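Structural features, examined
One letter stands for each residue in the lines below.
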Amino acid sequence: MAETKTHKQAWYNLSTEQVIADLGSARAGISEHEAKERLKHFGPNAIAPKRRSFFRLVIEPFTNVFMVILLFAIAISLFSHERLDASIIGLVVAMNAILYYLQQFSVNRVLRSLEAHEDNMVSVIRDGKTGELPAHLLVPGDVLHVFEGMKIPADGRLIETEGLSVDESILTGESLPQHKITDSLHGDKEVFDQTNMVFKGTIVHGGMGLMVVCTTGNATQLGIIGKLAGSSDEHRTPIEKKIDDIARKIIIGVGIIGVAVFVLAMLRGIELAESLRFTLSLVVSVVPEGLPVTLTIVLLLSAKKMATHKALVKKLSSIETMGAITLIATDKTGTLTQNKLAVAAVSSDTQQLAQTAELSINKQRGAYFDPLDEILAANFHGKHKGHQLHHTFAFDQGLRLSGASYKLSNGQHLAYLKGAPEAILDIVPTSQGKAAEKLLRAYTQKGYRTIAFAHTAIPATTRTLAEVAKHKFTLDGLIALADPMRKNIPAAIRQARAAGIQVVMLTGDNKETAAEIARQAGLIQSSSQVADSKLLDKPASPKIIRTLLERIRVFGRVLPRHKFNFLKSVKQQEVTAMTGDGVNDIPALVEADAGLAMGSGTDAAKEASDIVLLDDNFSTIIDAIRLGRAVVANIRKMLSYLITTSLAEAGTMIGALLLGLPLPVTAVQILWINLVTDSFTVLPIGLGNSEKHQMQQPPRDPKAPLLSSTLLSRTIFMGAVTALLILGIFSYSLHHIGYEEAQTAAFIALVIAQWSNALNANFDRHSWVRNFTHPNYKLLLGIAVSVIFQAVALYGPLRNAFGITALPANILGAVIVLPIIVILIAGDLHKLLFRDKVKPVAK
């Protein structure tokens, strides 16, 4: 491996040539062999996460309030010499701790999988050739192309710049982009003054250049300060905050129930030790200790599921947001269309048009930074001779132009430009412009994207595109490009409308092209539904926008500021999703409730987004909304089921105390019930499939309570029905076959009732029968495992410890069948009589 030198002077103090030499590199880059050797020495270009202490990892699952209650219950049980109770509570604690450890392992694995999607490709020069390479394979000495929208993959010294500016706010907090140079600097400089350096995680705001990598991974500035650009959402998601609030209310309720049960037990003459023991057991059974871990698993696995559907979730909170979307603002190119532009027509076959098309291409060291340039290069090659490249002009969003200037053998300088037809026609003679307009209309009516080309002589001193555009040009012709519609787009738009979601297209194409594509997509029926972007030049009042959206579905000739103004205007009345792919789209992506970056877009856009559409497909947005709605619905089901089981157990015990009956189940039985039902059924309910009706109704208001009034009433109703059923079975058995047999009957019935209720909870609206026509195999497997555990308790070596007594065949049959019939019918009856009246998000 070639030796790299170190200096007391910093890289920014050295000249470009000295930096390259000291890194053992060259402007042509290092060799592939050398790169492999350096990769072994320096390691991957990745920031290793901060290691957490083993002690903290071990004790962390025991630090939430639910687990503290369980540990306290174990201590009381051991103090009272109730070793079996302590063992079962300890088993509950152990299972939740194991689940937590498995969750952490799963989280890390999922995050590694998701991060792999974000390993950006960079344009690197090795052995004098430009190629694409994953950023984690970069090593010191690599020479990279730097261009607009790129996220800098490592710390490096700039060796060439052309109007380069970088957003370094992630490091410095400075919101304004930093203009970059190549000159060496004198003296000690802080990061924000190192104007000839670029740093890992920062974003190129504009311009282009070349950099040589100086440091990678943890040796970078970003690694040193311990920040990780693009890290996942560190804050609690809205749905987690809602569950935290419910958990606090549960703890208060548990405290009240515990005091009430203890007082009632004492009033009934039950011994102090037994009263305390039973109260603790009941409290343990009511506490949903596995809820926090289960919720995290559901969200993480849902994020992983979204990734398999080509939607990479960067912030967990966006899963819930996607379920609440009411308006999608989408681009056309690549989202509604295939983004596979091909030349469909040319205005003439002249040599001049072909030559201008080729000479207007921007290419540096064999690399193209605009897809349009690649298309032109593939179709127009070798059409000119004797032209020496003088200057390149990157695409300017304001001018809507790009191109290059050349020096001819006679010393003359010519500029060759391409751009939006309107922009080119503004700088050519009026007579030429009028002749081209008719052909332009014909192209746009077919939905073609049209590019105009022109050339002119310029002074040798002309350096900027703005200066070039002041000259009068000669129009060379038009080239029409076709981008076919994706096949599934019309169906996806129909699905969005059925789900109460409005779709608006914001495109840079002119109105005629936009209208044709919108018709093909099924977005509009007539051209009157298409408007010009002039309506969005300034943010409009919500009332005006609401009136516009009653008619307008497409805006043409849209610039990034128009997208931002549109979103700002609708923010108070809609929950919005916005697609974007460029640096200029960042304000709109941030302004939207859910920013959706294109997988083929710039690093900067991905960095600012909430979700990355890996396939750039509009249908993926609909899939993400469907999954988002399903996740929220499943969490609601999961929570409802847990509260129902707690209410059933608490209601049974409090009811018995109030009615003057003996305790229907023992403390150890109620702990076992909690162990074999909740542990095996809650997570499968949270991971259930989406239901058809979820995409056939308006979205829920994200500010609405997690449990709707209908679901809350069903939760209370099913808890009450279960409690009354168990009390009835217990009372009947008590008077006919004895107390021990009655306890056994109540024990069996309570478990079976909760299994039956799990089948009810798996569907919002459908009957339990649907579990067998559209099965949730995870839930069926969970119930099957629970059945095995219950059989061991009833007929295995622990039956005496649980106080199990043999039941007459007729009683046993009734105890098994009656809970199934009553609970399943009660659940279906409530679903039949009461349904959520879903209202659109408040406007």
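Residues numbered from 1 in each chain as written. Predicted model: local features only at pLDDT ≥ 70, side-chain atom pairs only at ≥ 80, totals over all residues. Heavy atoms only, no water.

Describing the overall build of the chain
Applied cut-off: Strands here mean DSSP runs of E at least two residues long; helices mean DSSP runs of H or I at least four residues long; both are numbered from the N terminus. Burial classes: relative accessible area under 20% of the type maximum marks a residue as buried, over 50% as exposed, and values in between as partly exposed (1.4 Å probe, protein chains only). Contacts: residue pairs with any heavy atoms within 4.5 Å of one another. Computed with a 1.4 Å probe, the accessible areas rest on the Shrake-Rupley method; for each residue, only the protein chains presented here act as cover.
Counting its secondary structure elements, the chain contains 29 helices and 23 strands. Put simply, the chain has 843 residues, and 54% of those count as buried. Intrachain contacts of the chain at a sequence separation of at least 6 include 74% that bridge at least 24 residues. A total of about 36,500 Å² of accessible surface is found on the chain, and carbon and sulfur atoms cover 59% of it.

Overview of unusual backbone geometry
One non-glycine residue, Asp 127, lies in positive phi territory at about 55°. Position of Asp 127 among the secondary structure elements: in the loop between strand E1 (121-126) and strand E2 (129-134). For Arg 400, which is not a glycine, the phi torsion comes out positive at approximately 60°. By secondary structure assignment, the location of Arg 400 is in the loop between strand E13 (387-396) and strand E14 (401-408).

Quick notes on the sheet that holds strand E20 (residues 554-556)
Quick reminder of the rule: Paired strands, as defined in this entry, are two strands with at least two bridges between them according to DSSP. Fitted lines through C-alpha atoms give the axes, limited to the stretch in contact for helices. The angle between two N-to-C directions lies from 0 to 180 degrees.
Ordered in space as E8-E23-E22-E21-E9-E18-E20-E19, the eight strands form an open sheet in which the pairing is mixed. Because the sheet does not close on itself, it has two edges, and the strands there are strand E8 (311-313) and strand E19 (530-532). Going across the sheet, the axis of each strand differs from the next one's by a mean of 20°, ignoring polarity. Sheet topology note: the strand E18 (residues 502-506)/E20 ladder contains two bridges and is parallel. Considered in E20, the bridge of Met 505 is made with Val 554. Helix H23 (residues 618-659) rests against E8, strand E9 (327-330), E18, strand E21 (576-580), strand E22 (594-598) and strand E23 (611-613) of the sheet, and its axis sits at about 155° to E9.

Here we look at the packing of aromatic side chains
This is how it is decided: Within 6.5 Å between ring centres, the rings of Phe, Tyr and Trp (the latter by its six-membered ring) count as paired, and their orientation is classed by plane angle as stacked under 30 degrees, edge-to-face over 60, tilted in between.
Enumeration according to the criterion identifies nine aromatic pairs in this entry. When the centroid spacing of 6.1 Å and the interplanar angle of 55° are considered together, the rings of Tyr 443 and Tyr 448 count as tilted. By relative accessible area, which is 18% here, Tyr 448 ends up buried. Where Phe 730 meets Tyr 739, the ring centres are 6.2 Å apart and the plane angle is 75°; that geometry is what we call edge-to-face. Among the residues examined, Phe 730 registers a relative accessible area of 0% and is labelled buried. Aromatic rings pair up to connect Trp 672, Phe 680, Phe 747, Phe 789 and Phe 802 into one cluster.

Here we look at the packing of helix H17 (residues 489-498) against H23
Applicable threshold: Crossings are sorted by hand: turned counterclockwise from the far helix by less than a right angle, the near helix makes the crossing left-handed, and turned clockwise it makes it right-handed.
The geometry of H17 relative to H23 is characterised by a closest axis approach of 9 Å and an angle of 35° between their N-to-C directions. With respect to the hand of their crossing, H17 and H23 are arranged in left-handed fashion. On H23, the residues that touch Ile 489, Ala 492, Ile 493, Gln 495 and Ala 496 of H17 are Phe 618, Ser 619, Ile 622 and Arg 626.

Re the sheet that holds strand E17 (residues 474-482)
Taken together, six strands build an open sheet; the order of strands is E10-E17-E16-E15-E14-E13 and the sheet is antiparallel. At either margin of the open sheet sits one strand with a lone partner, and together these are strand E10 (342-346) and E13. On average, each strand axis in the sheet is tilted by 25° relative to the strand beside it, whichever way the strands run. Its contacts with the sheet put helix H15 (residues 430-445) on E10, strand E16 (449-457) and E17, and the angle it makes with E17 is roughly 5°.

Concerning the pattern of salt bridges
Cut-off, in case you're wondering: Whenever Lys or Arg places a side-chain nitrogen within 4 Å of a carboxyl oxygen from Asp or Glu, that contact is recorded as a salt bridge.
Applying the stated criterion to the full structure yields 14 salt bridges. Close ionic contact of Arg 126 with Glu 32 constitutes a salt bridge, the shortest N to O distance being 3.3 Å. With Arg 126 in strand E1 and Glu 32 in helix H2 (residues 32-42), the pair connects residues that are 94 residues apart, well separated along the chain. Take Arg 126: its relative accessible area is 8%, and that puts it in the buried class. Note on Glu 32: relative accessible area 38%, which makes it partly exposed. One salt bridge in this structure joins Arg 126 and Asp 142, with 2.7 Å as the shortest N-O distance. Here the residue Arg 126 occupies a position in strand E1, and Asp 142 occupies one in the loop between E2 and strand E3 (143-147), the gap between them amounting to 16 residues. Of the two residues examined, Arg 126 and Asp 142, each falls in the buried class. Through salt bridges with shared partners, one network takes in Glu 17, Arg 27 and Glu 160.

What about the confidence of the model for the chain?
To keep it simple, the criterion reads: As a per-residue measure, pLDDT tells how confident the predictor is, with possible values from 0 to 100.
Mean pLDDT for the chain: 84, with 90% of residues reaching 70 or above. Note that pLDDT drops below 50 for residues 227-234; the model gives that stretch 18 contacts with residues more than four away or on any other chain.

Looking at the pairing of strand E7 (residues 203-215)
Across the 13 residues of E7, ten count as buried, placing the element largely inside the fold. For E3 and E7, the ladder comprises five bridges, and the chain directions are antiparallel. Paired with Phe 147 across the two strands is Met 208, which belongs to E7. Relative to E7, strand E4 (residues 155-167) is paired through ten bridges, and the arrangement is antiparallel. Its bridge partner being in E7, Val 166 is matched across the sheet by Val 204.

Notes on the nonpolar core
Short version of the rule: Note on terminology: a nonpolar core comprises buried Ala, Val, Leu, Ile, Met, Phe, Trp, Tyr and Cys residues joined through side-chain atoms within 4.5 Å.
Within the largest apolar cluster, 127 residues are counted, with the highest numbers of intra-cluster contacts made by Met 322, Ile 325, Phe 618 and Ile 635. Ranked by residues supplied to this core, first place goes to H23 with 17 residues. When residues no more than four places from it in sequence are discounted, the contact partners of Ile 325 are Ile 501, Val 575, Thr 576, Ala 577, Ala 594, Ile 625, Arg 629 and Pro 699. One finds Phe 393, Ile 427, Ala 436 and Ala 469 within the second-largest nonpolar core, a separate group that totals 25 residues.

Structural notes on helix H25 (residues 709-736)
Note the threshold: Each residue after the first adds 1.5 Å to the expected span of a helix.
Between its terminal C-alpha atoms H25 stretches 40 Å, which fits the 40 Å expected from 28 residues at 1.5 Å a residue. Backbone geometry just after H25 places Gly 738 at a positive phi near 115°.

Points about the packing of helix H24 (residues 667-686) against helix H26 (residues 739-761)
The description of two helices packed together rests on the angle between their axes and the distance between the axes. The condition is simple: In what follows, roughly perpendicular refers to angles from 65 to 115 degrees, roughly parallel to angles under 35, roughly antiparallel to angles over 145, and oblique to any angle outside these ranges. Any residue that is not Ala, Val, Leu, Ile, Met, Phe, Trp, Tyr, Cys, Pro, Asp, Glu, Lys or Arg is counted as polar, Gly included; the first ten are nonpolar and the last four charged.
For the pair H24 and H26, interaxial distance at closest approach is 10 Å and the crossing angle is 10°. The angle between the axes of H24 and H26 places the two elements in the roughly parallel class. Between H24 and H26, the contacting residues are Gln 669, Trp 672, Ile 673, Val 676, Thr 677, Asp 678, Thr 681 and Ile 685 on the first element and Gln 743, Phe 747, Leu 750, Val 751, Gln 754, Trp 755, Ala 758 and Ala 761 on the second. For the contact of H24 with H26, the residue count by class is ten nonpolar, five polar and one charged.

Side note on helix H20 (residues 560-570)
H20 sits mainly inside the fold: eight of its eleven residues count as buried. Along its buried surface, H20 packs onto E9, E18, helix H19 (542-549), E20, E21 and helix H21 (586-591).

Overview of the side chain of Asn 45
Worth spelling out the cut-off: N or O atoms within 3.5 Å of each other form a polar contact, as long as, within protein, one can give a hydrogen and the other can take it, and as long as residues adjacent in sequence are counted only when both atoms are side-chain atoms.
Locating Asn 45 in the fold gives a position in the loop between H2 and helix H3 (54-59). Since its relative accessible area comes to 3%, Asn 45 is described here as buried. Polar side-chain contacts of Asn 45 include one of 2.8 Å to the backbone oxygen of Pro 153. If we skip the residues at most four places from it in the chain, Asn 45 touches Ala 135, His 136, Leu 138, Pro 153, Ala 154, Lys 200, Thr 216 and Gly 217.

Some words on the pairing of E16
Burial runs high along E16: seven of the nine residues are buried. Sheet topology note: the strand E15 (residues 413-419)/E16 ladder contains six bridges and is antiparallel. Bridge pairing in E16 places Leu 417 opposite Ala 454. Pairing geometry for E16 and E17, over seven bridges, is antiparallel. Paired with Arg 449 across the two strands is Leu 481, which belongs to E17.

Brief notes about the environment of Met 718
Mapped onto the elements, Met 718 comes out in helix H25. Accessibility expressed as a relative area gives 2% for Met 718, which makes it buried. When the C-alpha atoms of Met 718 and Ile 643 are compared, they prove to be 9.9 Å apart, with 75 residues separating the residues in sequence. Residue contacts for Met 718: discarding those within four places in its chain leaves Thr 644, Asn 757, Asn 760, Ile 823, Ala 826 and Gly 827.

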